[in-house]
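Commentary on secondary and tertiary structure
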Amino acid sequence: MKRMFKGKKRSIVRFCIFNFVFYSVIVLLLFLVLNSLVIQKLNRTFPSINNILEYRAELENDDFSSIPKNEYENCGFLVFDIEGNLLFTTDEDLSESVTGDDIWLINSYDSGTHYQISQVELNDGSMGYFVTLNFRDKSDGTEELLGFSLLDGNYNIIYGDLFENSEKLTYKEFEFINGNYNEKKEVVKYDYYNSQSDYRTLVFVSNLFTEQAYGEAVSQANLIWIAAFPVLGICIAIQVFLFRRDIKRSIMPIEKAITAYGEQKDPDLNLEDIPSEFKNTASKFLEMHKNLEQEKAEKEEAYGEIRRLMTDISHDIKTPITVIQGYAQAFLNGKIPDEEREKYAEMIYRKSNDAVKLMESLFEYIRMEHPQYSVSLSDVDICEYTREYLAERYEEILNKEFELEPDIPEEKIVCRIDELLFARVYDNLVNNILRYNPPGTCIYFSVKKSENKVLIEVGDNGKGIPENLRDKIFRPYVTENSARTGGGGTGLGLSIAKKITELHGGNITLQEKPPKGIKTLFTIELNQKEKG
């Protein structure tokens, strides 16, 4: 392999290019040959008089025998002089069927004069034929009626100025003026002068083009393609074999490295030993190995986070339970004075309520993490929804001596949300502001559109969040002492808010640099429902 990829003699790129070009040329040539054979097959089956007129020199020199007779299947031609004498025929049967007396009945190829037959109903109710002789002016496309005749169903001439010397047309004559030689063939004539200025009439008989005849011809032509499949299969087999052999050699070091990694060994892969064409693959493998090792470390960190979470849960539950247990023990031991019994009972109630809230928040957070958890979405005007929410909490905000500065447009902006669940997002954000800021703090609430998104901003001009806590503000059980959390001080408020927005197909972020005058600003992004 090293001999193959060192130096300039061989490389996988040259090999691939050579094989691609070589086999592409072979396939292209094969296709062109087969396509030519198929076209020739169809042309031989359904030729036109133009195919004979390609031998114009032979026609003008009366050298009819030089025109290939067997080039077209079941077709032939005759040549007559001005007096209707037969000069040449490709088939004796044709000369017996078409004579000089029949020439005037045959439609002309390019003179513009042609017969047209229409089936009509006669006065006695039977069906007849209305035959017209028309002249089409090629310069402007107009047609001139040269004559007409009315025939009954047996081709008897009822009246008209065509066929004046006949009382009845034969079936052959009728077919000739209809452009047919018989049921399967058509006939047409071409008048010209030879090189000696002698008048000649070429009568060409060819296969009648019908859907059935064309289908049969195509089926026969397709046999050519079928016969070519083995040749094409051999070419593909050779190409596959050569590619497989050389590519397998070139990627052998990578395969060894993958095998080593599967055996929990360090993949010893030197990029210098890899062909340049596969260095990117090898580099990606090493990068993947590095990422897997990193994910392994992150998984260990996640396990540590779970252990921390369990520790925080046990601590937060243990704290109120310990207080309740101590006060209850004091009650049982009779150590609580009568005048303080109500105070201690209230404390037990408050701590038990904190424990219940903690368990409810924990249960809600865990429930939202379940993959089968779903929300009940409905079309809601988010502007009106936000105004109603702020109206409900307005009195509470004023009683705590906070200010409210809403910026909500009057237009209707529709989003699909779970009204009851989404209110929890607003609650957690507003509760954070009320709990961790001094009186006089202003609460900012705005709703605006951004293309097909809706941006809801909730912020305040209070104390702000320390820089070192911003990255983990949405993590569960970031405690009160280290960050502002909602949900009744459980440490799960912002985690629940983020989960709810994600369940709505949106997101919530903490802006790194809020506008001047605002210390903390959360942005909720939701999908706007399209109109219509």
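Use the structure listed above.
What comes next is a walk through the structure. (Residues numbered from 1 in each chain as written. Predicted model: local features only at pLDDT ≥ 70, side-chain atom pairs only at ≥ 80, totals over all residues. Heavy atoms only, no water.)

Turning our eyes to something else, we now look at the pairing of strand β4 (residues 127–136). With 9 bridges connecting them, strand β3 (residues 113–121) and β4 associate as antiparallel partners. Across the sheet, the residue bridging to His114 is Asn134, located in β4. Remark: 5 residues form the turn of the hairpin made by β3 and β4, two consecutive strands paired antiparallel; Gly125 in that turn has positive phi of roughly 90 degrees. Looking at chain direction, β4 and strand β5 (residues 143–151) are connected through 8 bridges and run antiparallel. Bridge assignment links Asn134 to a residue of β5, and that residue is Leu145. (Pairing = 2+ DSSP bridges. Helix = DSSP H or I, 4+ residues; strand = E, 2+ residues; numbered from the N terminus.)

A few words now on the nonpolar core. Of all hydrophobic cores here, the largest spans 45 residues; its most connected members are Ile382, Phe422, Tyr426, Ile456 and Ile524. Secondary-structure elements contributing two or more residues to this core are α11 (382–399), β11 (414–417), α12 (419–436), β12 (442–450), β13 (453–460), α13 (493–503), β14 (507–510) and β15 (520–527). For Ile524, the contacting residues outside a window of four places in its chain are Phe422, Val425, Tyr426, Leu429, Val454, Leu455, Ile456, Thr501, Asn507 and Ile508. Formed by 24 residues, the second largest nonpolar core is a distinct cluster that contains Ile103, Tyr129, Leu162 and Phe174. (Core = buried A, V, L, I, M, F, W, Y, C linked by side-chain atoms within 4.5 Å. Buried < 20%, exposed > 50% of the residue type's maximum accessible area, 1.4 Å probe, protein only. Contact = heavy atoms within 4.5 Å.)

Together, Val13, Ile17, Phe20, Val21, Val25, Leu28, Leu29, Phe31 and Leu32 give the surface a local cluster of nonpolar side chains, amounting to about 820 Å² of exposed area. Residue position: Phe31 is located in helix α2 (residues 12–45). Among the residues examined, Phe31 registers a relative accessible area of 41% and is labelled partly exposed. (Patch = residues over 30% accessible without salt bridge, like charges linked within 9 Å, V, L, I, M, F, W, Y side chains within 5 Å. Areas by Shrake-Rupley, 256 points an atom, 1.4 Å probe, with all protein chains shown as cover. Salt bridge = Lys/Arg side-chain N within 4 Å of Asp/Glu carboxyl O.)

Our focus in this paragraph is a negative patch on the surface. A cluster of like negative charges, contributed by Asp91, Glu92, Asp93 and Glu96, occupies part of the molecular surface. Mapped onto the elements, Asp93 comes out in helix α5 (residues 92–97). Among the residues examined, Asp93 registers a relative accessible area of 49% and is labelled partly exposed. (Lys, Arg positive; Asp, Glu negative; His and termini not counted. Charge placed at Lys NZ, Arg CZ, Asp CG, Glu CD.)

We note that Asp62 has phi near 55 degrees; this positive angle belongs to a residue other than glycine. Counting through the fold element by element, Asp62 comes out in the loop between α4 (56–60) and β1 (76–81). Overall, the relative accessible area of 29% leaves Asp62 in the partly exposed class.

Let's shift gears to the packing of α11 against α12. Two numbers describe how α11 lies on α12: the axes approach to 11 Å, and their chain directions differ by 45 degrees. Taken together, the axis directions place α11 and α12 in an arrangement best described as oblique. Pair α11 / α12 crosses with right-handed handedness. Residue-level inspection shows Ile382, Tyr385, Thr386, Tyr389, Arg393 and Glu396 of α11 in contact with α12, the latter providing Glu419, Phe422, Ala423, Tyr426, Asp427, Val430, Asn431 and Leu434. Residues belonging to the contact of α11 with α12 are distributed by class as follows: 8 nonpolar, 2 polar and 4 charged. (Axes fitted to C-alpha atoms, helices over the stretch in contact; angles between N-to-C directions. Parallel < 35°, antiparallel > 145°, perpendicular 65-115°, else oblique. Left-handed = near helix turned anticlockwise from the far one by under 90°. Nonpolar A, V, L, I, M, F, W, Y, C, P; charged D, E, K, R; others polar.)

Now for the pairing of β11. On β11, burial follows the alternation: Cys415 and Ile417 on one face are buried, whereas Val414 and Arg416 on the facing-out side are not. Pairing of strand β9 (residues 378–381) with β11 involves 4 bridges; the strand directions are antiparallel. Its bridge partner being in β11, Val380 is matched across the sheet by Cys415.

When you line up the elements, Ala57 lands in helix α4. On the basis of relative accessibility, which here comes to 45%, the residue Ala57 falls in the partly exposed class. When the C-alpha atoms of Ala57 and Asn194 are compared, they prove to be 9.0 Å apart, with 137 residues separating the residues in sequence.

Moving on: the pattern of salt bridges. On inspection of all chains with the given rule, the structure shows 14 salt bridges. With a closest N to O distance of 3.7 Å, Glu502 and Lys498 form a salt bridge. A residue pair is termed a helical-turn pair when its members lie 3 or 4 positions apart in one helix, as Glu502 and Lys498 do in helix α13 at 4 residues. Owing to a relative accessible area of 23%, Lys498 belongs among the partly exposed residues under this scheme. A single salt-bridge network, built from bridges that share partners, covers Arg393, Glu396, Lys400 and Asp427.

Here we take up the sheet that holds strand β7 (residues 185–193). The strand order across the open sheet formed by 4 strands is β2-β1-β8-β7, and the pairing between neighbours is antiparallel. Sheet topology places β2 (86–89) and β7 at the edges, where each strand pairs with a single neighbour. Between one strand and the next, the sheet's axes are offset by a mean angle of 15 degrees, whatever the strand orientation.

Here we come to the side chain of Ser149. Positionally, Ser149 belongs in strand β5. For Ser149, a relative accessible area of 0% corresponds to the buried category. At a separation of 3.0 Å, a polar atom in the side chain of Ser149 contacts the main-chain carbonyl oxygen of Leu162. Excluding residues within four positions of it along the chain, Ser149 makes contact with Tyr129, Phe130, Val131, Tyr159, Gly160, Asp161, Leu162 and Phe163. (Polar contact = N/O pair within 3.5 Å; in protein donor to acceptor, adjacent residues only side chain to side chain.)

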